[in-house]
Structure formats: structure tokens, C-alpha cells
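This is what each chain is made of:
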Amino acid sequence: MSAKHPIIAITGSSGAGTTSVTRTFENIFRREDVAAAIIEGDSFHRYDRQAMKVAMAEAEQQDNPHFSHFGESANLFGELQELFRSYGETGSGQSRKYLHNDEEAKPYQQPPGTFTPWEPLPASDLLFYEGLHGGVTTDKVDVARFVDLLIGVVPVINLEWIQKIHRDRSTRGYSTEAVTDVILRRMHEYVHYICPQFTRTHINFQRVPVVDTSDPFIARTIPTADESLVVIRFANPRGFDFPYLLSMLHDSWMSRANTLVVPGGKMELAMQLIFTPMILRLVERRRNLLAAA
């Protein structure tokens, strides 16, 4: 952790909704005039799209049915830790972009599914990471220890699967069967690499549908915000003004001393109310330290 160069990380699996949460943070950064260096977790995958297909085929030949983007062998955990360490110490570090589609790839004159070259981060007030592994810890790395504010986004598993199935079918053209195969292949590494991160987070957001999602593989629609509740768990509730939050978030309640439940449609407002003062404190502390140096 670093007072001069704070790091915020959003962690959650594919289909969890971390991209939507990122947009909320970008709105806070824009409104509060905070310069954030934004890092996508995909940029720390080990393989580009074509190389990943080759690596997956090789894993299957070696009787490894669990090889996926969730695990250590398909990612650059060491490089991610080095970025967080370097940023915390100096306010800089090396990163790159993963170009998901033609629109992202066109300015770089590269094929989609490839990486841009590594380059230094721009000057910033803080580092903001969104991806699969913002709080990952293994016997070789401990990325979580460098993060000042670690946030988990983890819908109940059936909802997470529904969101992934619908996203991959609509934006990537996959069949339900193909997405189901991906989910099954990733499950081992989901349990070992993704789930443990949520015990290290400072705050978790878990969306819970209040409609039937018993069979996520036949669901025709994603449950809407109005058909959901959001369970917000604070690892350390000290310092949070829960009476204020309850008064601002209509129909919310406390289910435990460290757990706030809000209507699904209030999730973005809850994030704004919870995280805006936290971000401002991080930035103010940074600026005071720099001014005193």
C-alpha cells in the first residue's frame, strides 16, 4: 500500500459485472477531477487470442481440462505484482492494452485479439485496476498486499453464469453449448484463484436476483436491477456512516452489523455514496504528502 501513490482494484470473474462498476468509478473520477491510470486485467493475460487457442489445445492433449484465463499458467501474475509494487513506490510502471475487437484495434493498426507494446503509465493521482486478479495471492505472488482499496464484484453464481452466457452469445457469437463448456473448464480455477480473493476485499458487492434462476442455461433474459437486491459486505465497518447510507438509499436495510442490503436499482448510487469520500481521502492524503515533500 502507498499513501503517495494509491491503488484501487475491482476484482471479479468474467460476467460478474466489473465493467459496469468501472463506469461508475470513471464517473466519480471525472466529477471529482481525479486523474486515474486505468488498467484492464486482460492486458496481463499471458497469451493473445490465437496463442491462447494453441495453448488450450496443448493443455487438452496433456490431459489438463482446467486450463483457462482464470489460472496462473495463462496470466502474468508476476508482472501484475511488479506493476502494483512499482506504482506504489514511484507512481509509474509498465502496462499495455489488450485489443478486444476491431474498434479497439483500429487506432493501433493491429489485429483484434492482440496486445499493444508495453509502455510507461501516464502521470496520475491513482491507479485503477479492473479485472480477474486484483486481489490474487499464490505461493509466488501477493498482488492484494499492494492494493489500498480492494473491491469484489461477485453475483450469486447462477446470475453470473446467466450474464456470461448472454454476453458471449450477443457480443461474441458463441452458442450456449460453447459458453457452457467454457464455464465448466474454468470451474476448477474459479474455485482456486477467483473465490479466495473475496476474503481479502475491503468491500464486496453481490447481486442477488429475486426471480427464479434455477437453470441459468435456459434463462431467456438477465434479471434486471429491479428484479435484484445487492448485498454489500464491509470487511471493517468502522468509520462508515450507516444511518446516513440507510437514509439515502430508500428501502435498504442492515442484515448484519457489517452488511448493507439495497435494491438492485440503487447499486450505482450506493457506490457513489460509499466510494466518493474514500477516493477523495486517498487523493487528499496523496496531495498533502507531496506538498510536504
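Residues numbered from 1 in each chain as written. Predicted model: local features only at pLDDT ≥ 70, side-chain atom pairs only at ≥ 80, totals over all residues. Heavy atoms only, no water.

Colleague: So, helix α1 (residues 18-31): which residues are in play, and what are the values?
Modeller: Taking 1.5 Å as the rise per residue, α1 with 14 residues should run 20 Å; its terminal C-alpha atoms sit 20 Å apart, in good agreement. Among all positions in α1, only T18, V21, T22, T24, F25, I28 and F29 are buried. Projected down its long axis, α1 shows its buried positions confined to an angular sector of 155°, all on one face. Packing partners of the buried residues in α1 comprise β1 (7-11), β2 (36-40), β5 (126-131), β6 (149-153) and α8 (267-292). (Helix = DSSP H or I, 4+ residues; strand = E, 2+ residues; numbered from the N terminus. Expected span 1.5 Å × (residues − 1). Buried < 20%, exposed > 50% of the residue type's maximum accessible area, 1.4 Å probe, protein only. Arc of directions from axis to C-beta. Contact = heavy atoms within 4.5 Å.)

Colleague: Let's hear about unusual backbone geometry: which residues, and what values?
Modeller: Phi angles above zero are rare outside glycine, and D63 is one such case at about 60°. D63 sits in the exposed class, given a relative accessible area of 70%. Of note, the phi angle at D251 is positive, near 70°, even though the residue is not glycine. The topology assignment puts D251 in the loop between α7 (242-248) and β9 (253-256).

Colleague: An account of the nonpolar core is requested, with residue identities and associated values reported.
Modeller: If you look at soluble globular proteins, the nonpolar side chains tend to sit buried side by side. With 32 residues, the main nonpolar core has I8, F25, F205, I232, I274, F275 and I279 as its most contacted residues. For this core, the element with the most residues is α8, which contributes 10 residues. In this structure, F25 is in contact with I8, I10, F128, I151, F275 and I279, ignoring residues within four places of it in sequence. Grouped together as the second largest cluster of nonpolar side chains are 21 residues, L121, V143, F146 and V147 included. (Core = buried A, V, L, I, M, F, W, Y, C linked by side-chain atoms within 4.5 Å.)

Colleague: I'd like a description of the packing of aromatic side chains, backed by residues and values.
Modeller: Going through the model one piece at a time under the given rule, you end up with 15 aromatic pairs. Measuring from ring centre to ring centre gives 6.1 Å for F25 and F29, while their planes differ by 55°; the resulting arrangement is tilted. Taken together, the residues span about one helical turn, with F25 and F29 both in helix α1 at a distance of four residues. Just as F25 is buried, F29 falls in that class too. Seen in terms of ring centroids, F234 and F240 are 4.7 Å apart; in terms of plane orientation they differ by 55°. Their pairing is tilted. Judged by its relative accessible area of 0%, F234 is buried. (Phe/Tyr/Trp six-rings, centres within 6.5 Å; stacked < 30°, edge-to-face > 60°.)

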